[in-house]
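Structural overview
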Amino acid sequence: DAGITQSPRHKVTETGTPVTLRCHQTENHRYMYWYRQDPGHGLRLIHYSYGVKDTDKGEVSDGYSVSRSKTEDFLLTLESATSSQTSVYFCAIRGPRGSPLHFGNGTRLTVT
Amino acid sequence: AQSVTQLGSHVSVSEGALVLLRCNYSSSVPPYLFWYVQYPNQGLQLLLKYTSAATLVKGINGFEAEFKKSETSFHLTKPSAHMSDAAEYFCAVSAGDTGTASKLTFGTGTRLQVTL
């Protein structure tokens, strides 16, 4: 399995609080992605990174920010969590050209 | 822009029967197409991918998919279903594999149930 670790695996938080999810890789891959998974929607891209300090928005980026200060870590921050951000969040990484995405095991976030 | 449509959110087959999961795509450029499988409480695992080589792509666990440009389809098949195939399956498309084109757009998923 590709070396991807997401933390925490589960989190319950209250509306209005900040939350940071971490994705850590040991593969030294350039590309990293954050997706959220919701019933009936499949996976939707939040943000992605194509290098250290190089990030871009996906289709559902409102309310989320990301940072990548080093190759191995890609952080997803919810500045002020809302109930609509209750979801399962997946990090993915991709290696050299032609290689597929490899996914972490996900973080289940509940905003009460 | 690219998109994927998976027909049927739930598919049920008997063990030993043919599995057919449908995926149609839309892309303004030659697409890269993927099928992923997700078992309960796990991340997604790549089944197979099409990247403009052979149109019939073989993947893991006996699955295969055929790229049909004229039908804009990339349906997933397996000749004989096994109980262990019960999972959710996602079709995905990207416009390439570098930069912004590398973003994957997923379908909404098809849950496969296998019955005795």
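It should be emphasised that the depicted structure is a prediction, and the values quoted were computed from it without experimental measurement. Sequence order as written defines the numbering, with residues in each chain counted from 1. To label them, take the chains in the order written and letter them from A, then take the ligands in the order written and number them from 1. At least 70 in pLDDT is required for a residue's local features to be given in this predicted model, at least 80 for side-chain atom pairs to be given and counted, and no such filter applies to totals for whole chains, interfaces and linings, which use all residues. Side-chain measures were taken over the full set of non-hydrogen atoms in the model, leaving aside hydrogen atoms and water.

Residues and elements named next belong to chain B. Two strands are counted as paired when DSSP detects at least two bridges linking them. For the purposes of this entry, the term helix denotes a DSSP run of H or I that reaches at least four residues, the term strand denotes a run of E that reaches at least two, and both are numbered from the N terminus. Reading across the sheet, the five strands line up as β1-β3-β8-β7-β6 and stay open at both edges, with antiparallel pairing between neighbours. The open sheet is flanked by β1 (3–7) and β6 (56–58), the only strands paired with a single partner. In this sheet, neighbouring strand axes are inclined to one another by 20° on average, regardless of whether the strands run parallel or antiparallel. Under this scheme, a helix contributes an axis fitted over its contacting stretch, all axes are lines through C-alpha atoms, and angles between N-to-C directions fall in the 0 to 180 degree range.

Turning next to the packing of aromatic side chains. Whether two aromatic rings pair depends on their centres lying within 6.5 Å, for rings of Phe, Tyr and Trp, where Trp uses its six-membered ring; planes under 30 degrees apart make the pair stacked, over 60 edge-to-face, and the rest tilted. Counted under the stated rule, the structure contains 16 aromatic pairs over all chains. On the numbers, 5.5 Å between centres and 85° between planes, the contact of Phe103(A) with Tyr36(B) is edge-to-face. On the criterion of chain membership, the pair formed by Phe103(A) in strand β10 (residues 101–103) and Tyr36(B) in strand β4 (residues 32–38) is interchain, its members lying in two chains. Its relative accessible area of 10% is what places Phe103(A) among the buried residues. Under the scheme applied here, a residue whose accessible area is under 20% of the maximum for its type counts as buried, over 50% as exposed, and between as partly exposed, the area being computed with a 1.4 Å probe on protein chains only. Look at Tyr36(B) and you get buried, because its relative accessible area is 0%. A network of ring pairs unites the aromatic residues Tyr31(A), Tyr33(A), Tyr35(A), Tyr48(A), Tyr50(A), Phe103(A), Phe34(B), Tyr36(B), Phe90(B) and Phe106(B) as a single cluster.

The next point concerns unusual backbone geometry. In the segment running from Ser7(A) into Pro8(A), the intervening peptide bond is cis, with an omega of -10°. Structurally, Pro8(A) is set in the loop between β1 (4–7) and β2 (10–13). Although it is not a glycine, Asn41(B) sits at a positive phi angle of roughly 60°. Its place among the elements puts Asn41(B) in the loop between β4 and β5 (44–50). Positive phi outside glycine occurs at Thr72(B), with the angle close to 45°.

This part takes up the side chain of Asp73(A). All names here are of chain A. Mapped onto the secondary structure, Asp73 falls in strand β8 (residues 73–78). Of note is the side chain of Asp73, whose polar atom sits 2.7 Å from the side chain of His24. Residue contacts follow a heavy-atom distance rule, with two residues in contact if any of their heavy atoms lie within 4.5 Å. Setting aside residues up to four positions removed in sequence, Asp73 forms contacts with Arg22, Cys23, His24, Met32, Ser67 and Arg68. Two N or O atoms count as a polar contact when they lie within 3.5 Å, although within protein this holds only if one can serve as hydrogen donor and the other as acceptor, and sequence-adjacent residues are included solely when both atoms are side-chain atoms.

This next bit is on the environment of Leu21(B). Residue and element names in this part refer to chain B. As for its position among the elements, Leu21 is in strand β3 (residues 19–26). When the C-alpha positions of Leu21 and Thr110 are compared, they lie 7.4 Å apart, and in sequence the two are 89 residues distant. The contact partners of Leu21, leaving out residues within four places of it in the chain, are Val11, Trp35, His75, Leu76, Tyr89, Thr110 and Leu112.

With that out of the way, let us pick up the sheet that holds β8(A). All names here are of chain A. Taken together, the four strands give an open sheet; going across it, the order is β1-β3-β8-β7, and neighbouring strands pair in antiparallel fashion. At either end of the open sheet lies a strand with only one pairing partner, and these are β1 and β7 (64–70). In this sheet, adjacent strand axes meet at a mean angle of 20° when their direction is disregarded. Here strand β3 (residues 19–25) runs beside β8; their pairing, made up of six bridges, is antiparallel. Residue His24 lies in a different strand from β8, and its bridge partner there is Asp73.

Glancing now at the state of the cysteines. Two cysteines form a disulfide when their sulfur atoms are joined by a covalent bond. All names here are of chain A. Working definition: a disulfide is two cysteine sulfur atoms within 2.5 Å of each other. Per the counting criterion, the structure on display carries two disulfides over all chains. Cys23 shares a disulfide with Cys91; S-S distance 1.9 Å. Torsion about the S-S bond of the Cys23 and Cys91 cystine: about -75°, corresponding to left-handed handedness. Separated by 68 residues along the polypeptide, Cys23 in strand β3 and Cys91 in strand β9 (residues 87–94) bring together distant segments of the chain. In this structure, Cys23 and Cys91 share a single accessibility class: buried.

All names here are of chain A. Between Lys or Arg on one side and Asp or Glu on the other, a salt bridge is scored when a side-chain nitrogen of the former is within 4 Å of a carboxyl oxygen of the latter. By the definition in use, this model includes seven salt bridges over all chains. Its salt-bridge partner being Asp73, residue Arg22 comes within 3.1 Å of it at the nearest N-O pair. In this pair, Arg22 is assigned in strand β3 and Asp73 in strand β8, connecting sequence segments 51 residues apart. Among the salt bridges present, the one from Asp73 reaches Lys70, with a minimum N-O distance of 3.6 Å.

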